[in-house]
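One letter stands for each residue in the lines below.
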Amino acid sequence: MRPPARRLLLALVSALLLCSGLACGPGRGFGKRRHPKKLTPLAYKQFIPNVAEKTLGASGRYEGKITRNSERFKELTPNYNPDIIFKDEENTGADRLMTQRCKDKLNALAISVMNQWPGVKLRVTEGWDEDGHHSEESLHYEGRAVDITTSDRDRGKYGMLARLAVEAGFDWVYYESKAHIHCSVKAENSVAAKSGGCFPGSATVHLEQGGTKPVRDLRPGDRVLAADDRGRLLYSDFLAFLDRDDRAKKVFYVIETREPRERLLLTPAHLLFVAPHNDSAAAGDAVAPPGRSAPGPRALFASRVRPGQRVYVAAERGGALTLLPAAVHSVTLREEAAGAYAPLTAQGTILVDRVLTSCYAVLEEHRWAHWAFAPFRLAHALRGALTLAPGDGGGGGGRAPGVAGPPAAGGVHWYAQLLYHIGTWLLDSEALHPLGLAAAAPS
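Cut-offs and rules
- Residues numbered from 1 in each chain as written.
- Predicted model: local features only at pLDDT ≥ 70, side-chain atom pairs only at ≥ 80, totals over all residues.
- Heavy atoms only, no water.
- Helix = DSSP H or I, 4+ residues; strand = E, 2+ residues; numbered from the N terminus.
- Buried < 20%, exposed > 50% of the residue type's maximum accessible area, 1.4 Å probe, protein only.
- Areas by Shrake-Rupley, 256 points an atom, 1.4 Å probe, with all protein chains shown as cover.
- Salt bridge = Lys/Arg side-chain N within 4 Å of Asp/Glu carboxyl O.
- Pairing = 2+ DSSP bridges.
- Contact = heavy atoms within 4.5 Å.
- Axes fitted to C-alpha atoms, helices over the stretch in contact; angles between N-to-C directions.
- Disulfide = S-S within 2.5 Å.
- Phe/Tyr/Trp six-rings, centres within 6.5 Å; stacked < 30°, edge-to-face > 60°.
- Lys NZ or Arg CZ within 6 Å of the ring centre and 35° of its normal.
- Expected span 1.5 Å × (residues − 1).

Undergrad: Quick rundown of the overall build of the chain? Include the residues and the values.
TA: Counting secondary structure elements, the chain contains seven helices and 23 strands. Looking at the chain as a whole, 48% of its 443 residues qualify as buried. When the accessible surface of the chain is summed, it comes to about 21,300 Å², and 54% of that surface belongs to carbon and sulfur atoms.

Okay, here's the thing in structure tokens:
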């Protein structure tokens, strides 16, 4: 390793050690232990998320009643957790039967209840319904819903019980009655349960060496079209897939513009840059999106983009690609079975099908997400500097710029999973997209 490379390594290691010292040392540094966040009880008749239960943003559509004789009965699993009291008034064990997802959330809630009120247990009054006691298309018929109370039946605790259910990860929680809290989850095989923040595999990106490539074929070493924080187009290194599922079947939002005419498919929790309402730039005028000071462009969840808002697209002007605002003409939903891919670039942005998007999802704060990935980018840069250091003869396994590496591994990236778990600890659940929560959690 040549002296400049050694000096670079020493500087980076020293910086990391300094950061560690600041984090772990005494005083009011950023390593100070965080106090548990204050939980706010739900109000009577309040539900979270604030959408209808059987919609994409909550527990998803009803998929049909499950009976003991149906093929789907094998989807239900009994819950014999001794820390949960099951009313089981039918004396058939039906209230103990539920989907695995429902069981996992219920068991997590049981722990929270005992921690919140020592000596008190979680009580389930209604689970899977095989007798038709609920309204038509109730998720109780699929083992995806439970009605709960505390074992002491103290109604003064029910508002906080509902909040604990939200924190435990139920996809929809409703303070439905003075006598109980209603909770439900997405279906095990639900498209909505695996939405995350991705693009279909057939979506394309522009390469520095010319031409386009499907997102599914990206490899480390590829350089793709992106934009900096002043809206200038540039080529940025593709680093990794934050999520990759070659066989996924997902629901995508279809964002279409007319001038220029483009169409982008992305999942509801993914971030898309939208121009401010008071932006005086007309379609056809170059803009400076992500980094301009307020009231500049903002990153919105795809599920919040509406017709009439303007996104940023790449178009030919004077023989060169330029970033331009384009009004959204329509927003629709479409189910695709082309796989799902979430590419990460060093810049944190990427143009997919010529539309500028963030590389991030779940949290509606592009800058926060990009900052959170700084250690990952630093490690990637350090590894590249070491493996490609002059004089090493390439023996370190490095690749020359522009030489693509092997295919990226499938699944959710470990660093993205780590940030998700940190985010759920530091942030209120309302700050995270409800579909992103299900997707980021390991299955």
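Undergrad: A description of the pattern of salt bridges should follow, citing residues and the corresponding values.
TA: Throughout the structure, instances matching the rule amount to 15 salt bridges. Residues D171 and R101 are paired through a salt bridge, measuring 2.9 Å at the closest nitrogen-oxygen approach. With a gap of 70 residues between them, D171 in the loop between α3 (158–168) and β7 (172–177) and R101 in helix α2 (residues 100–116) connect regions that are remote in the sequence. The class for R101 is buried, based on a relative accessible area of 16%. Across the pair R232 and D228 runs a salt bridge whose closest N-O atoms are separated by 2.7 Å. For R232, a relative accessible area of 47% corresponds to the partly exposed category. The network of salt bridges with shared partners includes R72, E75, E142 and R144.

Undergrad: Can you explain the sheet that holds strand β1 (residues 47–48)? Please cite residues and give values.
TA: Through backbone hydrogen bonds, the strands of a sheet pair up, either in parallel or in antiparallel fashion. One open sheet holds the six strands; their spatial order is β1-β7-β8-β6-β5-β3, and the pairing between them is mixed. The two strands at the open ends of the sheet, each matched to only one other strand, are β1 and β3 (84–86). As defined by bridge partners, β7 adjoins strand β8 (residues 180–184) across four bridges and the pair is classed as antiparallel. From the neighbouring strand, V173 faces β8, where its bridge partner is C183. Along the sheet, α2 makes contact with β3, β5 (122–126) and β6 (145–150), crossing β5 at roughly 140°.

Undergrad: Could you give me a rundown of unusual backbone geometry, with the residues and numbers involved?
TA: Looking along the chain, the bond that leaves I48 and enters P49 is cis, with omega of -5°. Note on placement: P49 falls in the loop between β1 and β2 (76–78). Of note, the amide linkage connecting E259 to P260 takes the cis form, showing an omega dihedral of -5°. Mapped onto the fold, P260 is located in the loop between β14 (250–258) and β15 (261–266). Positive phi is not limited to glycine here, since K45 has a value of about 75°. Mapped onto the elements of the fold, K45 is located in the loop between α1 (3–24) and β1. Notably, R153 is not glycine yet its phi reads approximately 55°, a positive angle. Given the relative accessible area of 54%, R153 is considered exposed.

Undergrad: Residues and numbers for the environment of R263, please.
TA: Here R263 shows up in strand β15. The spatial distance from the C-alpha of R263 to the C-alpha of V313 is 9.9 Å, given a sequence separation of 50 residues. Residues within four places of R263 in sequence aside, it is in contact with V254, I255, E256, R334 and D353.

Undergrad: I'd like a rundown of the state of the cysteines, residues and numbers included.
TA: Applying the stated criterion to the full structure yields zero disulfides. Of all cysteine sulfurs in the structure, the one in C102 sits closest to C183, which takes part in no disulfide; the separation is 8.1 Å. For C183, a relative accessible area of 0% puts it in the buried group.

Undergrad: Let's hear about the packing of aromatic side chains: which residues, and what values?
TA: In the structure shown here, the tally under the stated rule is 12 aromatic pairs. An angle of 85° between the planes, with centres 5.6 Å apart, marks the rings of F47 and Y174 as edge-to-face. Within this pair, whereas F47 is found in strand β1, its partner Y174 is found in strand β7, the two being separated by 127 residues in sequence. Given the relative accessible area of 27%, F47 is considered partly exposed. Grouping aromatic residues by their ring pairs yields a cluster made of Y360, F373, F376, W414 and Y415. The ring of Y141 carries the charged tip of K65 above its face, separated from the ring centre by 4.9 Å. Taking the ring centre of Y44 as reference, the NZ or CZ of K178 above it sits at 4.2 Å.

Undergrad: Account for α2, naming residues and giving values.
TA: Between the first and last C-alpha of α2 there are 24 Å, a value that for 17 residues agrees with the 24 Å anticipated at 1.5 Å per step. Along α2, the residues that are buried comprise R101, C102, K103, K105, L106, L109, A110 and V113.

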